[in-house]
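# Summary of structural features
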Amino acid sequence: MKLAVIGAGKMGQAIAGRLLEGTYLGPDAICGVSPVAADRDAFASLGGSTPLVTHEEIAPALAGATVALISVKPQHYPEIAPQLAQAGPELCFISIMAGITLEALESSLGRSRPIIRCMPNTPLLVGQGAVAWCANSGVKGEQLQLADRIFGEMGTVVQVDEPQLDAVTALSGSGPAFFFRIMQHLIDAAMAEGLPEKTARLLAAQTAVGSGALLQQAGEEIETLIANVRSKGGTTEAGLEAMESEAGTLEAILHKTIQAAAKRSRELAKP
Ligand SMILES: NC(=O)c1ccc[n+]([C@@H]2O[C@H](COP(=O)([O-])OP(=O)(O)OC[C@H]3O[C@@H](n4cnc5c(N)ncnc54)[C@H](OP(=O)(O)O)[C@@H]3O)[C@@H](O)[C@H]2O)c1
């Protein structure tokens, strides 16, 4: 198995770095491509004492590759697609580009070409990513197994229907930035109530991690989980009342946030 990372930028490096921490792929099985020298250097150094091979051009990376990960910005895809299309028909592509559809990928890379679209997110850096994927009919069982192993190293994996990927992009692809913004406000507010920044940051992060884990594992409705914290006349009730007092402001803001990100994902799909 050889993986070529086409676009060795932030996400390409994050994914390669994560894979190297697992047992599936070693430094000799991953190479990267970027026109940017600093990105190539950072990518190479992920291999530690065995620097990863990097290329300025795409063709040498595709030679001998089993899977090619397309991790350039969607805006750059049209300029690299003709070079990717030169690869042998068996090469399986995994695209993480927001908004570029399987139809668009097939029309530029070949109709019978195995292609997987996936939407990862940056918490994969610590093995806590969320990955959603879908595949075209060219992908065979063995390639699905390869992809499954790659995604499995990143975190939680779900298969979705392609039309759902815009919502996925908004919720879990862009989502870490939304949660970070919310946590930043909570930390600032706790500091205003007298907590040192370090303590506020630690408690905010652990509360987010713990609440997420509880939601995943408890199998209860969110309203039940809230009710378990809230008691009549207590602190949580006071906080929730303040949070919800301004005629659904939080709900409206979060709906607008997800709608805007999903809309942008659909726009990126348009030529
Ligand atoms: N960031 C996230 O949380 C996230 C989550 C899910 C999916 N994604 C998707 O991941 C993709 C990459 O995002 P990113 O944040 O990692 O972007 P990035 O840091 O800009 O990385 C893209 C890399 O591809 C390189 N590149 C550009 N043109 C190229 C070419 N012709 N040949 C080879 N490499 C080329 C870029 O170089 P230049 O600097 O010269 O452009 C850069 O090194 C995007 O499509 C995005 O939709 C991102």
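Structural data are supplied above this passage.
The present account deals with the structure reproduced in this document. Treat the numbers as computed from the prediction; the structure is a model and nothing was measured.

Time to look at the overall build of the chain. Looking only at helices and strands, the chain features 12 helices and 8 strands. Looking at the chain as a whole, 38% of its 271 residues are labelled buried. Expressed as a percentage of contacts within the chain between residues at least 6 apart in sequence, the contacts between residues at least 24 apart total 62%. Counting only carbon and sulfur atoms, one obtains 58% of the accessible surface of the chain, whose full area is about 15300 Å².

Counting through the fold element by element, Asn136 comes out in the loop between strand E7 (129-135) and helix H6 (141-152). What makes Asn136 buried here is its relative accessible area of 8%. For Asn136, the side chain forms a polar contact with the main-chain oxygen of Arg113, separated by 2.7 Å. Dropping the residues within four chain positions of it, Asn136 is found in contact with Leu102, Glu106, Arg111, Arg113, Pro114 and Ile115.

Once that is clear, we can look at the nonpolar core. Counting 31 residues, the largest nonpolar core has Ile6, Ile70, Tyr77 and Leu84 as the members making the most contacts within it. When residues of this core are assigned to their parent elements, the largest contribution, 4 residues, is made by helix H4 (residues 77-84). Once residues lying within four places of it in the same chain are set aside, the contact partners of Leu84 are Ile6, Ile58, Leu62, Ile70, Tyr77, Phe93, Leu109 and Arg113. One finds Tyr24, Leu69, Ile94 and Met154 within the second-largest nonpolar core, a separate group that totals 29 residues.

A word on the site of the ligand. In the vicinity of the ligand, 23 residues are found, and the nearest of them are Lys10, Met11, Asp39, Val72 and Ile80. Between the ligand and Lys10 there is a distance of 3.0 Å, counted from an oxygen atom to a backbone nitrogen or oxygen. In this structure, Ser34 approaches the ligand through a side-chain N or O atom, which is 3.1 Å from an oxygen atom. Calculation on the ligand without its partners gives an accessible area of 890 Å², and the protein chains cover 80% of this total.

Quick look at the packing of aromatic side chains now. Evaluated as defined, the whole model comprises 1 aromatic pair. For the pair Trp133 and Phe151, a centre-to-centre distance of 6.5 Å together with 35° between the ring planes defines the contact as tilted. Of this pair, Trp133 sits in strand E7 while Phe151 is found in helix H6, placing the two residues 18 residues apart along the sequence. Given a relative accessible area of 0%, Phe151 falls into the buried group.

What follows deals with the pairing of E7. Summarising burial for E7: 5 of the 7 residues are buried, a large majority. Of the pairings in the sheet, the one linking strand E6 (residues 115-119) to E7 comprises 4 bridges and is antiparallel in character. Bridging across to E7, Cys118 finds its partner in Trp133. Pairing of E7 with strand E8 (residues 155-159), which is carried by 5 bridges, proceeds in the parallel orientation. The partner of Ala130 across the bridge, within E8, is Thr156. Handedness of the E7-H6-E8 crossover: right-handed.

A full pass over the atoms with the stated rule returns 0 disulfides. Among the cysteines around Cys31, which has no disulfide bond, Cys92 carries the closest sulfur, lying 15 Å off. Lacking any disulfide linkage, Cys92 is separated from the closest cysteine sulfur, that of Cys118, by 11 Å. By relative accessible area, which is 1% here, Cys92 ends up buried.

Basis of the calculations
- Residues numbered from 1 in each chain as written.
- Predicted model: local features only at pLDDT ≥ 70, side-chain atom pairs only at ≥ 80, totals over all residues.
- Heavy atoms only, no water.
- Helix = DSSP H or I, 4+ residues; strand = E, 2+ residues; numbered from the N terminus.
- Buried < 20%, exposed > 50% of the residue type's maximum accessible area, 1.4 Å probe, protein only.
- Contact = heavy atoms within 4.5 Å.
- Areas by Shrake-Rupley, 256 points an atom, 1.4 Å probe, with all protein chains shown as cover.
- Polar contact = N/O pair within 3.5 Å; in protein donor to acceptor, adjacent residues only side chain to side chain.
- Core = buried A, V, L, I, M, F, W, Y, C linked by side-chain atoms within 4.5 Å.
- Near = heavy atom within 4 Å.
- Phe/Tyr/Trp six-rings, centres within 6.5 Å; stacked < 30°, edge-to-face > 60°.
- Pairing = 2+ DSSP bridges.
- Right-handed = clockwise from strand over helix to strand, strands pointing away.
- Disulfide = S-S within 2.5 Å.

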